[in-house]
Amino acid sequence: MIQRRELATFLRSHREATDPATVGLPRGPRRRTPGLRREELAQLSGVSVTWYTWLEQARDIGVSRQVVEAIARALRLGKDDREVLFALAGLALPPAVPEPVQVSDTLRRLVETMQPNPAYVTNPWWDVLACNEMYAELLGGYDQRPVAERNVLWLTFTQNRSRNLFVDWDAEARQLVGQLRVNLAQHPKDPRGAELRDALLQESPRFAELWQEQHARRFSPARKQLRHDRLGVLQLDYVKFDVAEQSHLMMLAFLPADQETADKLGSPFVPYGTAHELMPA
């Protein structure tokens, strides 16, 4: 009942804050109700006035995903308010439609500040959306590649250079295929994932073999050995950071795992256990 009352308050507040003109209704000189009337919102949402009135009265009635979506559209709710509405109605959000990818200037600057440690920004399909000079050097000829080929999975399975990049290439390949299977399940509405999978099935027999194994794997931080053309073998710890304001983007970075690798990269090495920890007051 508490959640029902919160839902009723949320709806009433947004209804009264919605300018009738924004939904194509005249304000009118006799309008006493601020914002939309209940019957107007009901009509715009395709539900009966009685049913909507019960909803604002916090009655225990059934609420479907389609109706909540219609109300959200009628109120012109933004992404955050729409998520709150679905949560208060006790409904899971429908799969999000992918938005155009835009890497912010701040995120690009963060990737650059990781130099000389390799770092890059990617989406769930390992498209390289931004990277620093050291990561581009690892990939080799990154700037000369077509945009469609600036993809970690594609390079891993179709380029000999990428096969030589990872000392344990097979373990890396299995991990990537397992993560792709998880991401496809999590983002079923994004056509990019299925397109990439189908292209790799045609282009790479090894990808096709691993795909048939049906193994799913989530990302986990790991230590990797990479071969650099100029610096030799590097021992690197691989970590991922989710981008809070764009949940479909991630920044990944390789940090030197030992002093020798740090010296090769010209990067400071912070031994484990030396980071400052805040003690509770």
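Relevant structure appears above.
This write-up is about the structure you can find in this document. What you see is a predicted model, and the numbers here were worked out from it, not measured in a lab.

Section: the environment of Phe254
Thought 1: As for its position among the elements, Phe254 is in strand S5 (residues 250-256).
Thought 2: When the C-alpha atoms of Phe254 and Pro116 are compared, they prove to be 9.7 Å apart, with 138 residues separating the residues in sequence.
Thought 3: Each residue touching Phe254, except ones within four places of it in the same chain, is listed here: Asn117, Pro118, Tyr120, Tyr135, Lys224, Leu226, Leu236, Asp237 and Tyr238.

Some details on the pairing of strand S2 (residues 128-131)
Thought 1: Both strand S1 (residues 119-122) and S2 contribute to a ladder of three bridges, which runs antiparallel. Across the sheet, residue Val121 finds its bridge partner in S2, namely Ala130.
Thought 2: Once S1 ends, the chain turns through five residues before running back antiparallel as S2, passing Trp126 with a positive phi of about 65 degrees.

Topic: unusual backbone geometry
Thought 1: With an omega of 10 degrees, the peptide bond between Gln115 and Pro116 qualifies as cis.
Thought 2: In this structure, Pro116 sits in the loop between helix H6 (105-113) and S1.
Thought 3: Although it is not a glycine, Arg76 adopts a positive phi angle of roughly 55 degrees.
Thought 4: Accessibility expressed as a relative area gives 53% for Arg76, which makes it exposed.
Thought 5: Even without being glycine, Gln214 reaches a positive phi, approximately 65 degrees.

Some remarks on the nonpolar core
Thought 1: The biggest cluster of nonpolar side chains holds 38 residues, and the ones touching the most others in it are Tyr120, Tyr135, Leu153, Phe157 and Leu180.
Thought 2: Within the residue set of this core, elements represented by two or more residues are S2, helix H7 (133-139), helix H8 (152-158), helix H10 (169-186), helix H11 (191-203), helix H12 (205-212), strand S4 (232-242) and S5.
Thought 3: The element best represented in this core is H10, accounting for six residues.
Thought 4: Not counting the four nearest positions on each side in its chain, Tyr135 is found in contact with Pro118, Ala119, Tyr120, Val128, Val152 and Phe254.
Thought 5: Of all hydrophobic cores here, the second largest spans 24 residues; its members include Val23, Leu36, Val47 and Ala74.

What to know about the sheet that holds S2
Thought 1: Reading across from one edge, S2-S1-S5-S4-S3 is the order of the five strands in this open sheet, with antiparallel pairing throughout. With one partner strand each, in any of the chains shown, S2 and strand S3 (222-228) form the two edges of the open sheet. Strand-to-strand twist in this sheet, taken as the mean axis angle between neighbours without regard to direction, amounts to 30 degrees.
Thought 2: Alignment of S4 against S5, held across seven bridges, turns out to be antiparallel. The residue bridging Asp237 from the neighbouring strand is Leu255, located in S5.

Each value, and the rule that gives it
- Residues numbered from 1 in each chain as written.
- Predicted model: local features only at pLDDT ≥ 70, side-chain atom pairs only at ≥ 80, totals over all residues.
- Heavy atoms only, no water.
- Helix = DSSP H or I, 4+ residues; strand = E, 2+ residues; numbered from the N terminus.
- Contact = heavy atoms within 4.5 Å.
- Pairing = 2+ DSSP bridges.
- Buried < 20%, exposed > 50% of the residue type's maximum accessible area, 1.4 Å probe, protein only.
- Core = buried A, V, L, I, M, F, W, Y, C linked by side-chain atoms within 4.5 Å.
- Axes fitted to C-alpha atoms, helices over the stretch in contact; angles between N-to-C directions.

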